[in-house]
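Listed below, chain by chain, are the residues.
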Amino acid sequence: MKVKVAETAGFCFGVKRAVDKVYQLIEDGVSPIYTLGPIIHNEEVVSDLESRGVRVIEVEDLDHIKSGTVVIRSHGVGREIYEKLKENGLEYVDVTCPFVLKIHRIVEKESLAGKQIFIFGDPKHPEVQGICGWCHGPYRVLKNREDVENMIPEADMEACVVSQTTFNYNKFKELVEILREKRYYNNVLNISNILNTICNATEERQKEAKNIAGEVDTMLVIGGRHSSNTQKLFEICKEECGNTYYIQTPVDLDSEMFHRSSCVGITAGASTPKKIIEEVQEHVRIKF
Ligand code: F3S
């Protein structure tokens with residue numbers, strides 16, 4: 001069986017930086033350590049950290065913690081969380097990805113300048129919720145075509161568009177096109193205020209996954225169940241290769257997946273450790 005592994009598969013720079021930082025804190029003897037939400041969407045890594053005493057907490061828990069160090073993960077948080085941490089006198093380590101921080105700065109600056117903010121992304125995703133938390137005025141989170149078509153922007157208010165770092169680039173272009181068709185340009189939207197804030201790591205990963213999926217008989221996408229960037233990779237690959245499967249570990253592999261396949265492609269979401277990618281690769285090579 002021929003196996004093609006995407007070079008961009010696995011931890012991106014921001015996730016690696018965040019995970020490394022938590023392990024560094026453990027090594028430095030910092031205790032107790034809390035992460036505000038799981039540090040990454042990978043159960044294996046989170047349970048390994050748990051076994052070393054790192055506890056995952058939610059925003060509501062911040063009022064009950066008396067001491068310790070809270071890690072703000074790469075998704076980032078809104079400004080009210082920083083305020084809460086300070087109010088409660090808690091130490092914190094901020095590993096928000098610099099690409100996400102850049103979006104925080106943009107929406108803060110543009111909303112303070114009197115613009116309404118359109119955010120292309122999933123309203124339920126923590127990164128998007130964090131971005132909303134830096135808007136000082138009206139904003140809209142637009143997930144899909146329907147949202148953009150039904151949106152009623154604030155009248156007489158200029159707009160600025162940003163997107164979740166893991167948004168699909170083609171979808172971004174499609175939504176911008178709808179805004180154009182709806183003639184929001186000239187009225188509220190100036191082309192220079194449409195900022196493609198999709199992270200390069202995501203774009204490159206998506207492009208490479210699409211290319212590989214177009215060349216293989218079976219495509220495997222590895223990632224945690226709740227990882228939105230893995231879900232998007234899966235959708236992209238599925239369009240190119242009907243035989244695409246979403247797996248978490250080698251345990252999910254099944255011979256049915258490789259029926260009449262001579263070439264298998266592998267990619268993985270940003271929170272998938274290298275070790276798991278290698279294990280899956282090994283399994284496919286040896287067992288199928
Ligand atoms: Fe950062 Fe891009 Fe990863 S925004 S967390 S480097 S996907």
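Residues numbered from 1 in each chain as written. Predicted model: local features only at pLDDT ≥ 70, side-chain atom pairs only at ≥ 80, totals over all residues.

Per the secondary structure count, the protein chain includes 10 helices and 12 strands. Taking 2.2 N^0.38 as the reference for a compact globule, 288 residues should give roughly 19 Å; the C-alpha atoms of the protein chain span a radius of gyration of 21 Å, in line with that estimate. In terms of principal-axis extent, the alpha carbons of the protein chain reach across some 60 × 55 × 25 Å. Classification of the 288 residues of the protein chain by burial places 41% in the buried group. Long-range contacts, defined here as pairs at least 24 residues apart, represent 74% of the contacts in the protein chain between residues at least 6 apart. (Helix = DSSP H or I, 4+ residues; strand = E, 2+ residues; numbered from the N terminus. Rg over C-alpha atoms; globule rule 2.2 N^0.38 Å. Buried ≥ 20, exposed ≤ 12 C-beta atoms within 10 Å, placed from the backbone. Contact = placed C-beta atoms within 7 Å.)

UniProt annotation of "binding site: dimethylallyl diphosphate" (unreviewed entry) refers to His-41, His-75, His-125, Ser-227, Ser-228, Asn-229 and Ser-271 when read in the numbering used here. On the secondary structure map, His-75 appears in the loop between strand E4 (69–72) and helix H3 (79–87). Given 27 C-beta atoms within a 10 Å radius, His-75 is considered buried. Those residues within four positions of His-75 in sequence are excluded, and the remaining contacts are Val-100, Pro-126, Glu-127 and Gly-130. Turning to its location among the elements, Asn-229 is positioned in helix H9 (residues 228–240). (UniProt positions renumbered as here; feature names shortened; annotations may be inferred.)

This part takes up the domain arrangement of the protein chain. Note on interface size: it is often stated as the accessible area lost on association of the parts. Annotation of the protein chain at the domain level lists domain 1 (2–10 + 203–287), domain 2 (13–96) and domain 3 (99–194). Its C-alpha centre places domain 1 at a distance of 31 Å from the equivalent point of domain 3. Only helix H8 (200–213) and H9 provide two or more residues apiece to the side of domain 1 that touches domain 3. A total of 3 residues in the side of domain 1 that touches domain 3 trace back to one element, the largest contributor, which is H9. Residues belonging to the side of domain 1 that touches domain 3 are distributed by class as follows: no nonpolar, 3 polar and 2 charged. (Domains from an automatic or database assignment. Nonpolar A, V, L, I, M, F, W, Y, C, P; charged D, E, K, R; others polar.)

This part is about the site of the ligand. Around the ligand sit 14 residues, and of these Cys-12, Gly-14, Cys-97, Thr-165 and Cys-199 come closest. Tallied by class, the residues present in the shell around the ligand amount to 9 nonpolar, 5 polar and no charged. Shared between two domains, the shell around the ligand takes at least three residues from each, and those domains are domain 2 (13–96) and domain 3 (99–194). (Near = placed C-beta within 6 Å.)

An order of E3-E2-E4-E5 is seen for the 4 strands of this open sheet, with the pairing classed as parallel. Because the sheet does not close on itself, it has two edges, and the strands there are strand E3 (54–57) and strand E5 (91–94). Mean inter-strand twist for the sheet, computed between neighbouring axes without regard to direction, equals 30°. On the sheet, helix H1 (residues 13–27) packs against strand E2 (33–36), E3, E4 and E5 and is oriented at approximately 165° with respect to E2. (Pairing = 2+ DSSP bridges. Axes fitted to C-alpha atoms, helices over the stretch in contact; angles between N-to-C directions.)

Turning to the nonpolar core, a few remarks are in order. Counting residues in each nonpolar core, the largest one holds 50 residues, and the members touching the most others are Val-22, Ile-39, Val-71, Ile-117 and Ile-119. When we break this core down by domain, the ones giving at least three residues each are domain 2 (13–96) and domain 3 (99–194). Filtering out sequence-adjacent residues up to four positions away, Ile-117 remains in contact with Val-107, Glu-110, Ser-111, Cys-135, Tyr-139, Cys-160 and Val-162. Residues Ala-9, Val-216, Leu-233 and Val-280 belong to the second largest nonpolar core, which totals 24 residues. (Core = buried A, V, L, I, M, F, W, Y, C linked by C-beta atoms within 7 Å.)

We now examine the pairing of E3. Bridge count for E2 against E3 is 4 bridges, and the pairing is parallel. The residue of E3 that forms the bridge with Tyr-34 is Arg-55.

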